[in-house]
Amino acid sequence: MNKYSDLPIKLASSVRSMRDFLDLLSSHDQCITWPDPVMPEPDIREICVASGQDVPGAPAILFDKIRGYPDKRLVTGVHGSWANLAILLGHPKNTTIKAMFYDIISRWGSEKAQLPRVKPDQAPVHEVRIERDINLYDILPLYRINDFDGGYYIGKANVVSRDPNDPDNFGKQNVGIYRIQPHGPDEFTLMSVPIHDMGRHMQAAEETGKPLKIAVMLGNHPAMAMFAATPIGYDESEYSYASAMMGSPIELTESGNGLDIQAHAEIVIEAEYIHGRREFEGPFGEFPGSYSGVRRAPTFKVTAVSHRKNPIFENIYIGRGWTEHDTLIGLNTSAPIYAQLKKEFPEVVAVNALYQHGLTGIIAVKNRFAGFAKSVALRALSTPHGLMYLKNLIMVDADVDPFDLNQVMWALSVRTRASDIMVLNDMAMIMIDPAAVTPGKGHHLIIDATTHMPPDPIGGDVEIVTPPSGPAIDALAARIRALQGGN
Amino acid sequence: MALNCPRCGGDKNRVEHQGKEDGQVIWTVHYCTACCFTWRDTEPALSIDSTKRRKVFQIDPSHPERFGVVIPPVAR
Ligand SMILES: [Zn+2]
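Cut-offs and rules
- Residues numbered from 1 in each chain as written.
- Chains lettered and ligands numbered in written order.
- Predicted model: local features only at pLDDT ≥ 70, side-chain atom pairs only at ≥ 80, totals over all residues.
- Heavy atoms only, no water.
- Phe/Tyr/Trp six-rings, centres within 6.5 Å; stacked < 30°, edge-to-face > 60°.
- Helix = DSSP H or I, 4+ residues; strand = E, 2+ residues; numbered from the N terminus.
- Buried < 20%, exposed > 50% of the residue type's maximum accessible area, 1.4 Å probe, protein only.
- UniProt positions renumbered as here; feature names shortened; annotations may be inferred.
- Disulfide = S-S within 2.5 Å.
- Donors = N, O, S within 2.8 Å, 3.2 Å for Na, K, Ca; no water.
- Tetrahedral: all angles 85-135°; square planar, octahedral: opposite > 155°, others 65-115°.
- Axes fitted to C-alpha atoms, helices over the stretch in contact; angles between N-to-C directions.
- Parallel < 35°, antiparallel > 145°, perpendicular 65-115°, else oblique.
- Left-handed = near helix turned anticlockwise from the far one by under 90°.
- Contact = heavy atoms within 4.5 Å.
- Nonpolar A, V, L, I, M, F, W, Y, C, P; charged D, E, K, R; others polar.

Considering the packing of aromatic side chains
All names here are of chain A. Under the criterion given, the structure shown has 19 aromatic pairs over all chains. Pairing Phe227 with Tyr241 gives two aromatic rings, centres 5.8 Å apart and planes at 90°, and the pair type is edge-to-face. Placement of the pair is Phe227 in helix H8 (residues 222-227) and Tyr241 in helix H9 (residues 238-246), with a sequence separation of 14 residues. Side by side, Phe227 and Tyr241 carry an identical accessibility label, which is buried. An aromatic cluster is present here, built from Phe101, Tyr102, Tyr338 and Phe403 joined pairwise through their rings.

Considering the UniProt feature "domain: 3-octaprenyl-4-hydroxybenzoate carboxy-lyase-like N-terminal" (unreviewed entry) in chain A
UniProt feature "domain: 3-octaprenyl-4-hydroxybenzoate carboxy-lyase-like N-terminal" (unreviewed entry): in the numbering of this structure it lies at residues 22-100 of chain A. Between the C-alpha atoms that bound residues 22-100 of chain A the distance is 20 Å, and the span itself is 33% helix and 14% strand.

Observations regarding the state of the cysteines
Taken as a whole, this structure holds zero disulfides over all chains when the rule is applied. Cysteine Cys31(A) shares no disulfide, and the gap to the nearest cysteine sulfur, in Cys48(A), comes to 13 Å. With no disulfide of its own, Cys36(B) lies 6.6 Å from the sulfur of Cys35(B), the closest cysteine sulfur. Taking relative accessible area as the criterion, Cys36(B) reaches 1% and is therefore assigned buried.

A short note on the coordination of the zinc ion
Residue and element names in this part refer to chain B. Listed as protein donors to the zinc ion are Cys5 (SG), Cys8 (SG), Cys32 (SG) and Cys35 (SG); their distances from the metal cover 2.3 Å. Around the zinc ion sit four donor atoms, and with donor-metal-donor angles ranging over 103 to 114° the site reads as tetrahedral. Positions of the donor residues of the zinc ion, expressed as sequence spacing, correspond to C-x2-C-x23-C-x2-C.

Observations concerning the packing of helix H5 (residues 97-107) of chain A against helix H10 (residues 324-344) of chain A
Residues and elements named next belong to chain A. Viewed as axis vectors pointing N to C, H5 and H10 meet at an angle of 55°, and their least axial separation amounts to 10 Å. When the axes of H5 and H10 are compared, the pair comes out oblique. The handedness of the crossing between H5 and H10 is right-handed. Judged by residue contacts, Ile97, Met100, Phe101, Ile104 and Ile105 of H5 engage Leu331, Asn332, Ser334, Ala335 and Tyr338 from H10. Residue composition of the contact of H5 with H10, by class: eight nonpolar, two polar and no charged.

Laid out in structure tokens, this is it:
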């Protein structure tokens, strides 16, 4: 095997925090410190957009010379390229997306969660504690992400909350990524909808009048950022899931307001729900590349802040793609759809739902007979994610790598007839599809780009070239890259 | 001179924070208590000059009932 592959595997499992991960990335030239002073706007936005042009290899970027924020540090793009994800998963940084997809699939269902406890007085996150005169603008180097955002968003927080009706249930403790807009020095709105766990908790607090305390974690273990957004069951813990998927421990401690938080988070904002209060929230440049409108959103009061010494505020660039958001959640959007489909259709080979959270998806399937792939596509549309997100679905054969768009375009070019297209009118759709005539409703499109099979009179491909493929060719490709000097 | 909000034109604004270098204020962050817009006085005009902002992003906060509510509050 190639001589580079062992090194990141050992190091990746020793990552306990975002800081450790930044060190690991730096050792692979995948984290840089921006050398010049920057203005909060527009410099940070422009640098983030520019780094998004290199989807395969962009580094994380640490800013420590932000004008007007002396001694404050910001990092963006931690999960912003395939190279950074490969290192996180313990692979050489030019590992293919397909290989990372199968790696995540192979980790699926692991139950080896390790969640050691650290006493609060020994947890790095509590090194500095602020309980009075809290000013988020003084603690965090906040800035406007997109031109017309309504405020200075915190876009990569892990938010912990517990069901107000079942506050002692660890499993029902939710960790999710929700966008946060500060409103004043110690208040913020949090965007969630009733179907999300956090939305359920807010709704329960609203209905019962019970208190809802939350902890907003910033600068998280890189596995938490990646896996906390994965749709899992309501009573499963995201901490357990992230630890099992990483195969390494995630150390927990307690926040000042009684929630389980990461002991090595950079910053934790403790807050309490303000019953009945709604403030104007938005717009915000969201993942389809369009602004969400202005709505009135639930509001929280900050009660305390804990942070490590010299903390690093981790934020994300999100807007018109490709952005870090797409890399961060793409594989974890694809994997559950694959797992759910595979149960009934073992012919499914791979699922690529990388594009705008799956608004376009590509599924590779071993075609069995004419029309088979269309039925698999219909099943994909009834998976929990497919229901609202899989708007355009392209079906390809097993000999096409759905993560290689050149191959997908080949299949579209040579295996599709106009009659291979299905349009399903007036189905459920996410609210923020920019193409929607009626938000929340729309058409789903299936393009069957698989081979024509019997009883179709063509009965299979016309003398298609079959180039050599499989592990031997993949190994040769890896060897070519290694000979080139990359790792 | 009253400072008007770039988004709603209102004058009910407060200062959230000032960025300093060597004791000198180099920018000020403002917050409009009417429409909740936050801005820094050093941002590009496209974001903070009401004459240059795209009209579709201007709002009139005097009719809050025209805006959608996320998780509607329970009437008590
Ligand atoms: Zn205003």
